[in-house]
Amino acid sequence: MKTRFPLEILMVLFLNAGNAFSEEMRSFAPFKHFKMSPDEIPDEKLVSKIKNLKTACPFTAGLPDTDNHDGSNILFADGKYHFWITEHFGPKYDGFRYTRLDYCTSKDGLNWTRHAEPALMPDPDLPWESVGVLTCYVVPHKGKYYIFYTGVGDDWNVRGTAYKRLLYAVADRPGGPWTRPENNLVLESSDPAGWEGPGGDDVNILFKDGKWWMYYKGRPNSIKSWKDTLVGVAFADNLTGPYTKYEGNPLMYGHAFAVWKQGSGFASMPSNGRTQTLWYSEDGLNFKDTGIGMPGNTPGVFCPDNYVEGYSRGLRWYIDTAPDLVLKYPEGHREALQKKYPLDEKWAGRIRIQKRFDADLWLGSDDEFKTPAGTGAQGNASVDDVDLIKDATMNN
């Protein structure tokens, strides 16, 4: 007879699972996993927000629910929200091969339209991104839009490695069309044997103190565990580079992660591929774990102040993979995947349902948030799609 655990216990296990590194990875990670108390955070309003943080998953419709992962950040422009996500489109799941970037829009942040035309496809004429394009981040700058993404080329699986390069394309509007400059390489690995491994991935870009901050992840080929992926940062005077890597890298763990400006400092949701917590840093380099579990494991945040100088009003909501522990598979989805991927039962069982999560770390006024000309329209969220409302408290 199988033992059945109450939902509350399963959620605690899901949200607060350990994030320690393997002993092998510690040689690449000079930082320590510091825990933080709310009193260490200088912004009194932010301290209050964190102490009383509630996270909810409102009704969300139209976002991808199969064959996808690693959603982008979220932008508001032309009266609607914009969101990009990695999609697998091949005959069967095959690592980074057959990946593209899909595009979704919404007028309220809750009801989404997935556009039939992908934002970006692999280019068979470019050897560094001929196989797949994935994990993007989009920055509005000087009247144009820059999509930063990971390219995987002909050398994607040489001797068990997966070479990845950080690239970019440009468009006049969020919906494209996107044009690749002749030299669109932004960043690549300095040392394949070091903490970055054969290349960076999952880029997040912010503007602070007159510099562009590019956060990215890496992992040596010798280490296979998702929870051992690490995050570093590089700086540039210009958005497209050249970027100089920080000598103190890596900064923290994070297989999938998001970094955003929060108040006068920085916040992050690093994930080990299974769970994620809220981290905070005053300088963007020395992060500490608040101990608050945040639902999901591949976050894409809506933080409109990331791309301008000055104080940030912070995070209001994000899109992420909904936890399997609280979501029932839609009828027919598992069967459809098994039919599409008959030779890959492991992937066939992994249905990735993207949902919006409301995590009220917004430091601006309610009126500011409700103004479409400013940061976007507040959706009338109801919590009837997923039974997930969590009071998050500090683990001191």
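Cut-off values and rules
- Residues numbered from 1 in each chain as written.
- Predicted model: local features only at pLDDT ≥ 70, side-chain atom pairs only at ≥ 80, totals over all residues.
- Heavy atoms only, no water.
- Helix = DSSP H or I, 4+ residues; strand = E, 2+ residues; numbered from the N terminus.
- Buried < 20%, exposed > 50% of the residue type's maximum accessible area, 1.4 Å probe, protein only.
- Contact = heavy atoms within 4.5 Å.
- Areas by Shrake-Rupley, 256 points an atom, 1.4 Å probe, with all protein chains shown as cover.
- Core = buried A, V, L, I, M, F, W, Y, C linked by side-chain atoms within 4.5 Å.
- Arc of directions from axis to C-beta.
- Polar contact = N/O pair within 3.5 Å; in protein donor to acceptor, adjacent residues only side chain to side chain.
- Patch = residues over 30% accessible without salt bridge, like charges linked within 9 Å, V, L, I, M, F, W, Y side chains within 5 Å.
- Salt bridge = Lys/Arg side-chain N within 4 Å of Asp/Glu carboxyl O.
- Phe/Tyr/Trp six-rings, centres within 6.5 Å; stacked < 30°, edge-to-face > 60°.
- Pairing = 2+ DSSP bridges.
- Axes fitted to C-alpha atoms, helices over the stretch in contact; angles between N-to-C directions.

> Quick rundown of the overall build of the chain? Include the residues and the values.
When its secondary structure is counted, the chain shows five helices and 22 strands. Scored against the burial criterion, the 396 residues of the chain give a buried share of 57%. For the chain, the proportion of contacts with a sequence separation of at least 24, taken over those separated by at least 6, is 59%. Total accessible area computed for the chain in this model is approximately 17000 Å², and 51% of it derives from carbon and sulfur atoms.

> Please provide a residue-by-residue account of the nonpolar core, values included.
By size, the foremost hydrophobic cluster in this structure holds 53 residues, and its most contacted members are Trp84, Phe148, Trp178, Ile205, Met214, Tyr215 and Tyr243. The element contributing the most residues to this core is strand β8 (residues 165-171), with six residues. Core analysis: the second largest hydrophobic core is formed by 24 residues, Ala258, Met269, Val301 and Phe357 among them.

> Please provide a residue-by-residue account of unusual backbone geometry, values included.
The omega torsion across Gly176 and Pro177 is 5°, close enough to zero to call that bond cis. Tracing the backbone shows Pro177 in the loop between β8 and β9 (185-187). Residue Gly241 is joined to Pro242 through a cis peptide bond whose omega torsion reads 10°. Mapped onto the secondary structure, Pro242 falls in the loop between β12 (230-236) and β13 (244-245).

> Tell me about helix α2 (residues 44-51), and please be specific about residues and values.
For α2, the set of buried residues is Leu46, Val47 and Ile50. Burial along α2 is one-sided: seen end-on, the buried residues are contained in an arc of 105°. Where α2 is buried, its residues meet β15 (256-262), β17 (277-281) and β18 (288-293). Two to three positions downstream of the cap, the backbone nitrogen of Lys45 sits 2.9 Å from a side-chain oxygen, assigning the N-cap of α2 to Asp43.

> Which residues make up a nonpolar patch on the surface, and what are the values?
Taken together, the side chains of Phe89, Tyr98 and Met121 make up a nonpolar region of the molecular surface, amounting to roughly 230 Å² of accessible area. For Phe89, the location among the structural elements is in the loop between β3 (80-88) and β4 (99-106). Of the residues examined, Phe89 reaches a relative accessible area of 30% and is grouped as partly exposed.

> Lay out the side chain of Asn73 with the relevant residues and their values.
Along the chain, Asn73 turns up in strand β2 (residues 68-77). A polar side-chain atom of Asn73 sits 2.8 Å from the main-chain carbonyl oxygen of Val138. Only 2.8 Å separates the side chain of Asn73 from the side chain of Tyr307, close enough to count as a polar contact. Ignoring any residue separated from it by four or fewer positions in sequence, one finds Asn73 in contact with His82, Phe83, Trp84, Tyr137, Val138, Gly300, Val301 and Tyr307.

> How would you summarise the pattern of salt bridges if you had to cite specific residues and measurements?
Tallied over the full model, the rule gives 17 salt bridges. With a closest N to O distance of 2.5 Å, Asp237 and Lys211 form a salt bridge. Within this pair, whereas Asp237 is found in the loop between β12 and β13, its partner Lys211 is found in strand β11 (residues 211-218), the two being separated by 26 residues in sequence. Connected through salt bridges with shared partners, the residues Glu87, Arg100, Asp102 and Arg114 form a single ionic network.

> Before we move on, can you summarise the packing of aromatic side chains with the specific residues and values?
Overall, the coordinates contain 19 aromatic pairs when judged by the stated rule. Ring centres of Phe76 and Tyr81 lie 4.8 Å apart, and the angle between their planes is 65°; on these two criteria the pair is classed as edge-to-face. The pair formed by Phe76 and Tyr81 is uniform in burial state, with each residue classed as buried. Ring geometry for Phe235 and Tyr246: centres 6.3 Å apart, planes at 85°, overall edge-to-face. Of this pair, Phe235 sits in strand β12 while Tyr246 sits in the loop between β13 and β14 (252-253), and the two are 11 residues apart along the sequence.

> Please set out the sheet that holds β17 residue by residue, giving values where relevant.
Strand order in the open sheet made by the four strands is β15-β16-β17-β18, with antiparallel pairing throughout. In the strand order of this sheet, the two ends are held by β15 and β18, each with one partner. Geometrically, the sheet is characterised by an average inter-axis angle of 25° between neighbouring strands, direction not taken into account.

> So what's going on with the side chain of Ser271? Residues and values would help.
Along the chain, the position of Ser271 falls in strand β16 (residues 265-271). Judged by its relative accessible area of 0%, Ser271 is buried. At a separation of 3.1 Å, a polar atom in the side chain of Ser271 contacts the main-chain carbonyl oxygen of Asn297. Those residues in contact with Ser271 that sit more than four places away from it in its chain are Tyr253, Gly254, His255, Ala256, Gln276 and Asn297.

> Describe the environment of Lys54, naming the residues involved and giving the relevant values.
Counting through the fold element by element, Lys54 comes out in strand β1 (residues 54-56). In this structure the C-alpha to C-alpha distance between Lys54 and Leu361, which are 307 residues apart in sequence, comes to 9.3 Å.

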